[in-house]
Amino acid sequence: MEESQTVADSAALEGQEKVHRDQGETLGAEDLETKSSDDEVLDPELSTSGPSISVEAEESEIVDDVDSSLMDENMELKDLLQHTRADFENFRKQTEKQRTQAMESARYTTVLKFLPLVDDLSRALATYPEQLAPLRKSFDKTLEKLGLEMIDSNPGIDFDPDYHEAVSVDDADGEREVIAETLRPGYLYEESVLRPAMVKVTHQ
């Protein structure tokens, strides 16, 4: 009877030990699963460092591309501005030149139309030099203001076809062609011939 009790007690003890072993194995398996889960949780965090660096690199490349594009656009705008300034300066100079030419042309035409009056006054001064002596100074100043200068065509000076227009030439002996008489005075305008002096030529 005692032996049966002992066998029963041994069997019960072995059963308890088996239960403890099974529980220990179960707990060990759960710890491994928990550690594996923790590792899986940590791995994604570690693995995100790769894509993060890649995104930063892409963003840096995009910024570089934008900067390069802005620099190119800035250079194009500077070139366009320089060309625009050059075109405007050329236009301004051309406009100023045309305006000056138009004013000179208008003044030239006005002075040319004024010559008949100058001729009449010049003849009057030659006919009545003493009576019109005070007017002579005023007449000379007016010619100067207009930019007019009387061409020298006094008798005895050499005939110059650039400044004199010969109406007649005497068949006198001599090699030199000189002015015998002035029929109409000539004038220079701004140092250019506005009208040549009309003269008679003779030989000396």
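Residues numbered from 1 in each chain as written. Predicted model: local features only at pLDDT ≥ 70, side-chain atom pairs only at ≥ 80, totals over all residues. Heavy atoms only, no water.

A. Representation of a nonpolar patch on the surface in the model. A surface patch of nonpolar side chains, amounting to about 280 Å² of accessible area, comprises I62, V66 and L70. Here I62 lies in helix α2 (residues 49–127). Overall, the relative accessible area of 52% leaves I62 in the exposed class. (Patch = residues over 30% accessible without salt bridge, like charges linked within 9 Å, V, L, I, M, F, W, Y side chains within 5 Å. Areas by Shrake-Rupley, 256 points an atom, 1.4 Å probe, with all protein chains shown as cover. Salt bridge = Lys/Arg side-chain N within 4 Å of Asp/Glu carboxyl O. Helix = DSSP H or I, 4+ residues; strand = E, 2+ residues; numbered from the N terminus. Buried < 20%, exposed > 50% of the residue type's maximum accessible area, 1.4 Å probe, protein only.)

B. Structural detail: the nonpolar core. Formed by V111, L115, V118, L125, F139, L143, L148, Y187, Y189 and L194, the largest nonpolar core amounts to 10 residues. Of all elements in the fold, only α2, α3 (133–146) and β4 (187–189) reach the threshold of two or more residues within this core. Sequence-distant contacts of L125, defined by excluding residues within four places in its chain, comprise L132, L135, R136 and F139. Of all hydrophobic cores here, the second largest spans 5 residues; its members include F159, I179, A197 and V201. (Core = buried A, V, L, I, M, F, W, Y, C linked by side-chain atoms within 4.5 Å. Contact = heavy atoms within 4.5 Å.)

C. Spotlight on the environment of R195. Within the fold, R195 resides in strand β5 (residues 192–195). Separated by 31 residues in sequence, R195 and H164 place their C-alpha atoms 8.8 Å apart. The contact partners of R195, leaving out residues within four places of it in the chain, are L115, D119, I151, R184, P185, G186 and Y187. Among the polar contacts made by the side chain of R195, one reaches the main-chain carbonyl oxygen of P185 at a distance of 2.7 Å. (Polar contact = N/O pair within 3.5 Å; in protein donor to acceptor, adjacent residues only side chain to side chain.)

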